[in-house]
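The primary structure of each chain is shown beneath.
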Amino acid sequence: MSRRPEDDGCCCDVDVLVVGAGISGLSAAWHLQNRLPGKRFVVLEREASYGGTWLTHKFPGIGSDSDLYTFGFRFKPWVGPPIATAAEIQAYLGEMIEENGLDRHIRYNHSIETAAWDSGSARWTLTARLPDGSRAMFRAKFLWMAQGYYRHHQGHWPDWPGMADFKGPILHTEEWDEATDYAGKRVVLIGSGATAATVVPAMAQTAAHITMIQRSPTWFMPGRNENELAELLRPIGVDEATIHDIVRKKIIHDQDQIVRQCRAAPDAVAAELLAGVQALLPDGYDMRHFTPSYRPWRQRLAFVPDGDLFAGIRAGKADVVTGTIARFTLDGVEMADGSHVPADMIVLATGFNLCVFGDIGFSIDSRPLDLAETVTWRGMMFTGVPNLVWVFGYFRASWTLRSDLIAEFTCRLLAHMDAKGADRVEVALPPDLAGSPDGLQLGPWADPDDFNPNYLTRDQHLLPRTAPGDEWRQTQDYWTEKDVIPQVDLDGPAFHYSRATVPLPA
């Protein structure tokens, strides 16, 4: 294999540098290759392979919580069940890389440590650490942050009294060891939501018993793990590309309707969701364990394929305890009401830690960058941060939908810069906002009244701020953005273009 300049520590110059080879990074690579074939680009990935979440997550039952017709790529048909395992998703991504020859652009085992912008040359310089401890340098005209939003391999560990006293193992789903043996053991899983709904039925198959302890319930949506429309179209000979397109559009339409109903008639939606869960539980089961205190979609709905979570409860292999944990004991968990849940093993499904910009040390003209001091433009660009886009997906729709929207927008922006002869683009607040006599009223990245999962609530202070108007926030509304973003005026007042004052060789 021929050596690359960065293998020897030399600086590799590219037009675009993509950070991350997960769903978003691979989408970026595909769009760059197909829309801007003349651009030199490289994808840097800290892990040893592609896939992001689907590579690093190893806990029992790991699979998607979004349907693969929308979580998959628009340009590559999905032919399996809507809810897929991590292995199925990895295989799909591997096929996409091979079919498009993207592997030649990806550099694995590159952990980026610093990213420095220089205004004179209008270039980013990045330093990456390699497994042997050496460093490689890359210089790029444009930086595409597609590294995700949480720390892989590190879960959020709450600190409960008595944790050191428990005689069995305490494990976290984010740090799962696949060699863990839980067969025949009494397991307590602490947490709720999509991860818990995945782990509980998977572990219930071989554990003696598993109890899910939750502080508060999550909204669950049970359903069959198949798409009826796709299954109707396949037998009559419709090709998979057409099926994928039709089913994708139908799901997107239906999701829009659900979100609208949750806002317009939350009580009716709640009653329907609860009825769907109750129908799959044993007669007389206490529904307070499945009745959240917040309206549907204020946190993410957890889909339960084929009702597998509730099948474990019906079979007596799983149950749910709702309440506050008082302490860990030698052989289990003591609740605040005095009850005791026995355990041989405790599993934490207590979420993750937000990772803003990949924990990379960013600087702008030698000044450290604090993203919390910036204001976002549509959740993808930031005031005072030139030549950079960030992919942050949707809470209420598949992550890939926004990855693809941002990819299409960024390719259009890069082509527009070339047409203008510009080396630099930056967003800036218009004078009527920045110069408001009452002072600029900045808000949080996400409105807590609209969406408030714990990981976001804990670390929202690290994220960029928002300003009045949809342009200066991430709206979380794919059904509007799919029409608005492709029509954004790239010469509008938010965009400022300029030339480098110290040009580098092409």
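For the structure, see preceding data.
Along each chain, residue indices are assigned from 1 in the same order as the chain's sequence is written. This being a predicted model, a pLDDT of at least 70 is required before a residue's local features are given, and a value of 80 or more before pairs of side-chain atoms are given or counted; all residues contribute to the totals for chains, interfaces and linings. Just so you know, side-chain values use all the structure's heavy atoms and leave hydrogens and water out.

Student: Tell me what's going on with unusual backbone geometry, and back it up with residues and numbers.
Tutor: We note that Asn-109 has phi near 60°; this positive angle belongs to a residue other than glycine. Each helix is a run of H or I in the DSSP string that is no shorter than four residues. Each strand is a run of E no shorter than two, and both are numbered from the N terminus. With respect to the helices, strands and loops of the structure, Asn-109 is situated in the loop between strand 3 (106-107) and strand 4 (111-118). Its identity as a non-glycine residue notwithstanding, Asp-359 has a phi of 55°, on the positive side. Residue position: Asp-359 is located in the loop between strand 18 (352-354) and strand 19 (361-364). By relative accessible area, which is 43% here, Asp-359 ends up partly exposed. Note on exposure labels: buried denotes an accessible area under 20% of the residue type's maximum, exposed denotes more than 50%, and partly exposed covers the range between, all computed with a 1.4 Å probe on protein chains only.

Student: So what about helix 5 (residues 194-204)? Which residues, and what values?
Tutor: Across the eleven residues of helix 5, nine count as buried, placing the element largely inside the fold. Against the buried residues of helix 5 lie strand 9 (186-190), strand 10 (209-214), strand 11 (220-223), helix 9 (308-314), strand 13 (318-322) and strand 17 (345-348). Contacts are residue-level and defined by heavy atoms, with any inter-residue pair within 4.5 Å sufficient.

Student: How would you sum up the packing of aromatic side chains? Please name residues and give values.
Tutor: Aromatic ring pairs are reported here in terms of the distance separating the ring centres and the angle at which the planes meet. Stacked, edge-to-face and tilted labels apply to pairs of Phe, Tyr and Trp rings (six-membered ring for Trp) whose centres lie within 6.5 Å, assigned for plane angles under 30 degrees, over 60, and everything in between, in that order. By the definition in use, this model includes 30 aromatic pairs. Ring geometry for Trp-78 against Tyr-92: centres 5.3 Å apart, planes inclined by 70°, an arrangement best described as edge-to-face. With Trp-78 in the loop between helix 3 (68-71) and helix 4 (86-100) and Tyr-92 in helix 4, this residue pair connects regions lying 14 residues apart in the sequence. With respect to burial, Trp-78 and Tyr-92 carry one shared label: buried. Judged by centre distance (5.6 Å) and plane angle (80°), the ring pair of Trp-124 and Phe-362 falls under edge-to-face. Of this pair, Trp-124 sits in strand 5 (residues 123-129) while Phe-362 sits in strand 19, and the two are 238 residues apart along the sequence. Overall, Trp-124 belongs to the buried group, its relative accessible area being 0%. A cation over an aromatic ring shows up here: Lys-420 above the ring of Tyr-497, its NZ or CZ 5.0 Å from the ring centre. Distance and angle both matter: a charge sits over a ring if NZ of Lys or CZ of Arg is within 6 Å of the ring centre and within 35 degrees of the ring normal.

Student: Just give me the short version of the environment of Leu-281, but keep the residues and values in it.
Tutor: Here Leu-281 lies in the loop between helix 8 (266-278) and strand 12 (302-305). Accessibility expressed as a relative area gives 6% for Leu-281, which makes it buried. Between the C-alpha atoms of Leu-281 and Ile-190, which are 91 residues apart in sequence, the distance is 21 Å.

Student: Residue-level account of the nonpolar core, with values.
Tutor: One broad rule of soluble globular proteins: the nonpolar side chains tend to lie buried together. We define a nonpolar core as any set of buried Ala, Val, Leu, Ile, Met, Phe, Trp, Tyr and Cys residues linked to one another through side-chain atoms lying within 4.5 Å. By size, the foremost hydrophobic cluster in this structure holds 153 residues, and its most contacted members are Leu-17 and Trp-144. Top contributing element to this core by residue count: helix 10 (residues 399-420), with ten residues. Apart from the residues within four sequence positions on either side, Leu-17 is in contact with Val-42, Leu-44, Ile-112, Leu-126, Phe-138, Ala-140, Phe-142, Leu-143 and Trp-144. Within the second largest apolar cluster, 14 residues are counted, among which are Met-163, Phe-166, Val-188 and Ile-213.

Student: Break down the side chain of Gln-255 for me, citing the residues and quoting the values.
Tutor: The topology assignment puts Gln-255 in helix 7 (residues 240-264). Discounting chain neighbours no more than four positions away, the residues touching Gln-255 are Asp-67, Thr-70, Ala-397 and Trp-479.

Student: Can you break down the packing of helix 1 (residues 23-35) against helix 10 residue by residue, with the values?
Tutor: The N-to-C vectors of helix 1 and helix 10 enclose an angle of 35°; their axes lie 9 Å apart at closest approach. The two elements helix 1 and helix 10 meet at a crossing, and its hand is right-handed. Two secondary-structure elements touch here, helix 1 through Ile-23, Ser-24, Ser-27, Ala-28, His-31, Leu-32 and Arg-35 and helix 10 through Trp-399, Thr-400, Ser-403, Asp-404, Ala-407, Glu-408, Cys-411 and Leu-414. Taken together, the residues that form the contact of helix 1 with helix 10 break down as seven nonpolar, five polar and three charged. Helix axes are fitted only over the stretch in contact, all axes being lines through C-alpha atoms; the angle between N-to-C directions runs from 0 to 180 degrees. Note: crossing handedness is left-handed where the near helix turns anticlockwise from the far helix by less than a right angle, and right-handed where it turns clockwise. In this classification, Asp, Glu, Lys and Arg are treated as charged, Ala, Val, Leu, Ile, Met, Phe, Trp, Tyr, Cys and Pro as nonpolar, and every other residue, Gly included, as polar.

Student: Report on the sheet that holds strand 14 (residues 325-329), specifying residues and quantitative values.
Tutor: If DSSP finds at least two bridges between two strands, the strands pair. Sheet architecture is open: three strands sit in the order 14-15-16, paired in antiparallel fashion. Bordering the open sheet on either side are strand 14 and strand 16 (340-342), each of which pairs with just one other strand. Here the strands of the sheet are splayed against their neighbours by 20° on average, with no regard to which way each runs.

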